[in-house]
Amino acid sequence: MSKILHNPKSYAPAVYIPCWLIQIPVKLLSHGAKLVYGRLSQWADTLGHAYRSAPQLAEELGMCVRSVKEFQKELRDVGLIGTYHPQAGGVNHFEFYDHPWMHEPLNEQLVYKQDKYTPVQNH
């Protein structure tokens, strides 16, 4: 039986998780927090604001609301996002912040300057 190949980039929209974020060790930021960041970034406007409730994110990510809130707290605690509520019971407002992780690679072998990574060849 032959298998049908699939191009994972063929479907849109897709969750965008930046390469700088992927390489952050899990001891500093969990995989779930990275996924929440990626999903929130889909909803972000050009100024770095996103408007989404925890129940909406939970449904979109297949998580429980409690987990989404814990992952949002992780993101706030490391300074990647801020959250504010303009009215009680309303949709959460998120702000994305610039962070040193975005500018200083933790591993020089994982610096992504282009869409495709070319590994360093040892001679």
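Residues numbered from 1 in each chain as written. Predicted model: local features only at pLDDT ≥ 70, side-chain atom pairs only at ≥ 80, totals over all residues. Heavy atoms only, no water.

Undergrad: Teacher, can you tell me more about the pattern of salt bridges here?
TA: Should the charged atoms of two oppositely charged side chains come close, the side chains can pair. Taken as a whole and judged by the stated rule, the model has 4 salt bridges. Note that Arg39 and Glu60 form a salt bridge whose closest N and O atoms lie 2.8 Å from each other. Here Arg39 is found in helix H2 (residues 31-43), whereas its partner Glu60 is found in helix H3 (residues 54-61), with 21 residues between them in sequence. The exposure class of Arg39 is buried, given its relative accessible area of 16%. The partner of Arg66 in a salt bridge is Glu70, with the nearest N and O atoms 3.4 Å apart. (Salt bridge = Lys/Arg side-chain N within 4 Å of Asp/Glu carboxyl O. Helix = DSSP H or I, 4+ residues; strand = E, 2+ residues; numbered from the N terminus. Buried < 20%, exposed > 50% of the residue type's maximum accessible area, 1.4 Å probe, protein only.)

Undergrad: Honestly, the packing of aromatic side chains in this entry has me stumped. Any pointers?
TA: The description of an aromatic ring pair rests on the distance of the ring centres and on the angle between the ring planes. According to the stated counting rule, one finds 2 aromatic pairs in the structure shown. Arranged with centres 5.9 Å apart and planes meeting at 80°, the rings of Trp20 and Tyr37 form a pair that is edge-to-face. Residue Trp20 is found in helix H1 (residues 19-22), and its partner Tyr37 is found in helix H2; the two are separated by 17 residues along the sequence. Accessibility expressed as a relative area gives 16% for Trp20, which makes it buried. Joined through ring pairs, the aromatic side chains of Trp20, Tyr37 and Phe96 make up one cluster. (Phe/Tyr/Trp six-rings, centres within 6.5 Å; stacked < 30°, edge-to-face > 60°.)

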